[in-house]
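These are the residues of each chain, in order.
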Amino acid sequence: MKISIITATMNDGDALRRAVDSVCGQLLPPGVEVEHIVVNGGSRSASVDYAASTGARVIETEPKGVYNAVNAGIAVATGDVIGLVHGSDFLADSNVLARVAASFEGYDAPDFIFGDVNYCNTDRPDRIVRYYSAEGFTPSLLLKGFAPPHPSLFIRRSVMTRIGPYREDMIIAGDFDIYVRLFYSEPPLRYRYVEGPTVTMCTGGLSSGFLTRIGLSTTEICKVLRDHGLPHSRLRILSRFFLRGKRKSLSADD
């Protein structure tokens, strides 16, 4: 099995080196290999050169947004399974990809998997400040604006080809849209929740600001649900911020 890891980066500096090292440091079982694709949106950084020196494939693109960069990586990926590790994030431990590979094995192997992620301080990546879990997630929660943590998502490339690329007209909710397409696909896709963190994310991403979440993400999530012909209510989506305290395992970030 080959796993393609796509890293979208733009001016991530030394954090990109950390992301690259987390991929290079994976302990892969026999028969499993990793393909690392770094999509650079115009950065001029020694870390991008470092990524290339490790064997990662570096693609230079115009800075047209993170979803455009991810789509550029998906277009050239050759792995059986695709996952994302953004330039400011890193794989949670050295056995993540071994666990991912094992999760896609068996007679009832899934089409995609999702799990948990860590959050850390930007200046203290060794300090975990929040644990975001998808345990107990059901597709109906998408109608309330909840989704599994996107960095924990790994998809078979054949399925990615089937459902299509990330929406580039979205600023925040392109992740949410992918989950809607996966969980509401016809015919239904097989999925599996895999316990444990896959990625450690540094606080301060596009969707982490509270005012940004309330405004932009709510508007985009409602648009996604409407575009897919699913029930949508701005009030219901907004209420996820108040339900968040009661649902410790789910997030309102997306």
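Here, every reference points to the structure presented above.
This write-up is about the structure you can find in this document. Throughout this document, residue positions are counted from 1 along each chain, in the order its sequence is written. At least 70 in pLDDT is required for a residue's local features to be given in this predicted model, at least 80 for side-chain atom pairs to be given and counted, and no such filter applies to totals for whole chains, interfaces and linings, which use all residues. The side-chain values count all of the structure's non-hydrogen atoms but skip hydrogen atoms and water molecules.

**Quick notes on the pattern of salt bridges**
1) Next: Think of a salt bridge as a Lys or Arg side-chain nitrogen and an Asp or Glu carboxyl oxygen that are within 4 Å of each other. Applying the stated criterion to the full structure yields nine salt bridges.
2) Next: For Arg99, the salt bridge goes to Asp93, with nearest N and O atoms at 3.1 Å.
3) Next: Measuring nitrogen to oxygen at the nearest pair gives 2.8 Å for the salt bridge that ties Arg181 to Asp177. Of this pair, Arg181 and Asp177 both sit in helix H6 (residues 174-183), separated by four residues, roughly a single helical turn. Of the two residues, Arg181 and Asp177, both sit in the buried class.
4) Next: A single salt-bridge network, built from bridges that share partners, covers Arg167, Asp169, Asp177, Arg181, Lys223 and Asp227. Note on conventions: DSSP H or I runs of at least 4 residues are helices, E runs of at least 2 residues are strands, and numbering of each starts at the N terminus. Under the scheme applied here, a residue whose accessible area is under 20% of the maximum for its type counts as buried, over 50% as exposed, and between as partly exposed, the area being computed with a 1.4 Å probe on protein chains only.

**A closer look at the environment of Pro125**
1) Next: The topology assignment puts Pro125 in strand S7 (residues 124-132).
2) Next: The partly exposed category is assigned to Pro125, whose relative accessible area is 28%.
3) Next: Sequence separation of Pro125 and Ala15 is 110 residues, and the distance between their C-alpha atoms is 9.6 Å.
4) Next: Here a residue-residue contact requires only that any non-hydrogen atoms of the pair lie within 4.5 Å. Other than its neighbours up to four places away in sequence, Pro125 contacts Arg18, Phe90 and Cys120.

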